[in-house]
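# Remarks on the overall topology
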Amino acid sequence: PALISGWDDMFALLRTVLYTNAVWIGGVAVQYFMFDPKKLTSHPFDRFIGLTANAQSAAIIHCVMIVIALWLALNDPKRRYLLFYLMMLGLNGLMVVWTGSRTGSIMTILGVVIAFYSRAGKTILLLPLMVGAVFAGFKAATFVGVTFESTGHIISTADTRTAAWVALWEAGLQNPFAGVGVGTTDRSENSYLYGFASAGIGLFALMIVYTIVSAGLCLKIYRLRWSLPKEQRAWADLILSYNAMYFLGAHLEGYILGRVASHLMFMLFFAAIATRFIELAQEEKAWAAEYEEWEEGEYEYEYAGA
């Protein structure tokens, strides 16, 4: 939060995230063109994993980047970055599709809907550019030999979660007070159950508190947004969007327990933005109330003088 003194500093923070995303994609390109492209996918179906361990890990990075790139394309006052944002939107959209991840796809849809529900008109105007960016990325990838067999997994109806959840629950029941230890179970498809299985009911309770506190802050941000101009309301929508993506994904992946994980950093960034959003919004509200009192006092003074 110390990096954010005003509204404009938040843009710089988000641009930094997107620059890092560009470096990450550059690493993928180096691996693909200069070394072994097969290392970027997993079998079966050649699902994209990038520089991560599996397709799900890659998808939950790129889905957040899609929302950030699209949000900046619509809201950043420095329009010279627009082409960069559209390029990153296209590349990240392409990579989510390449992962074949249903989790990443659902998180992307939820994030976009919440971030732009109040600005549907402007989003629709940019839709041709968005589609063009994804299409250009798809054509470029096809040209260099990328195959997209993995896309069929997105519309698959196979249940890949229930058995994992049952296994985590049963592991937790083996030692409900202390858990069986991180890494003892080979399943991690739910952060809450993974916490229960790994460290018992105490960690599970802490995760519930964490979720409730986050929900309370989101509710506070939602209430504050209505007292702000539409440009600043967009920040509230973005913060709410990320939190919705984060906690939805936490029910499908175990990243809340990750000691080295992309969402560990994303949450730190968005928590900092949320903290400063609340403070700046309250300052704006106080200034508005003070100005209103001053206007009323000035009017009464002039009336009394007359």
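As a reminder, the structure under discussion sits directly above these lines.
Within every chain, residues take consecutive numbers counted from 1 along the sequence as written. Where local features are concerned, this predicted model is filtered to residues with pLDDT of at least 70; where side-chain atom pairs are given and counted, the filter is 80 or more; whole-chain, interface and lining totals use all residues. Water and hydrogen atoms play no part in the side-chain values, which are based on all heavy atoms of the structure.

### As for the overall build of the protein chain
Per the convention used, a helix needs a DSSP run of H or I reaching at least four residues, while a strand needs a run of E reaching at least two, with both numbered from the N terminus. Along the protein chain, the regular secondary structure elements total 11 helices and two strands. Secondary structure elements in the protein chain, listed N-terminal to C-terminal, are α-β-β-α-α-α-α-α-α-α-α-α-α. Oriented by its inertia axes, the alpha-carbon framework of the protein chain measures out at about 85 × 55 × 35 Å. Every residue pair with non-hydrogen atoms within 4.5 Å of one another is taken to be in contact. Within the protein chain, counting contacts between residues at least 6 apart in sequence, those at least 24 apart form 72% of the total. In the form shown here, the protein chain has an accessible surface area of approximately 16,100 Å², with 68% of it arising from carbon and sulfur atoms. A gap of 11 Å separates the mean positions of the 21 positive and 24 negative side-chain charges of the protein chain. Note that accessible areas follow from Shrake-Rupley with a 1.4 Å probe, and for residues the cover is restricted to the protein chains shown. Residues scored as positive are Lys and Arg, those scored as negative are Asp and Glu, and His as well as the terminal groups of each chain are ignored. Every charge is mapped onto a representative atom, which is NZ of Lys, CZ of Arg, CG of Asp or CD of Glu.

### Overview of the packing of helix α2 (residues 55-75) against helix α4 (residues 102-116)
For helices, the fitted axis covers only the stretch in contact; all axes are lines through C-alpha atoms, and the angles between them, taken along N-to-C directions, range from 0 to 180 degrees. Relative to each other, α2 and α4 sit at 20 degrees, their axes nearing to 8 Å. With respect to α4, the axis of α2 lies roughly parallel. Seen along the crossing, α2 lies across α4 with a hand that is right-handed. The segment α2 lies against α4, with Gln56, Ala59, Ile60, Cys63, Ile66, Val67, Leu70, Trp71 and Leu74 engaging Thr103, Gly104, Met107, Thr108, Gly111, Val112, Ala115 and Phe116. When the residues that make up the contact of α2 with α4 are grouped by side-chain class, the tally is 12 nonpolar, five polar and no charged. When an angle is under 35 degrees it counts as roughly parallel; over 145 it counts as roughly antiparallel; between 65 and 115 it counts as roughly perpendicular; any other value is oblique. Each crossing is labelled by how the near helix is turned from the far one, with a counterclockwise turn of less than a right angle marking it left-handed and a clockwise turn marking it right-handed. Three categories are distinguished: nonpolar for Ala, Val, Leu, Ile, Met, Phe, Trp, Tyr, Cys and Pro, charged for Asp, Glu, Lys and Arg, and polar for the others, with Gly belonging to the last.

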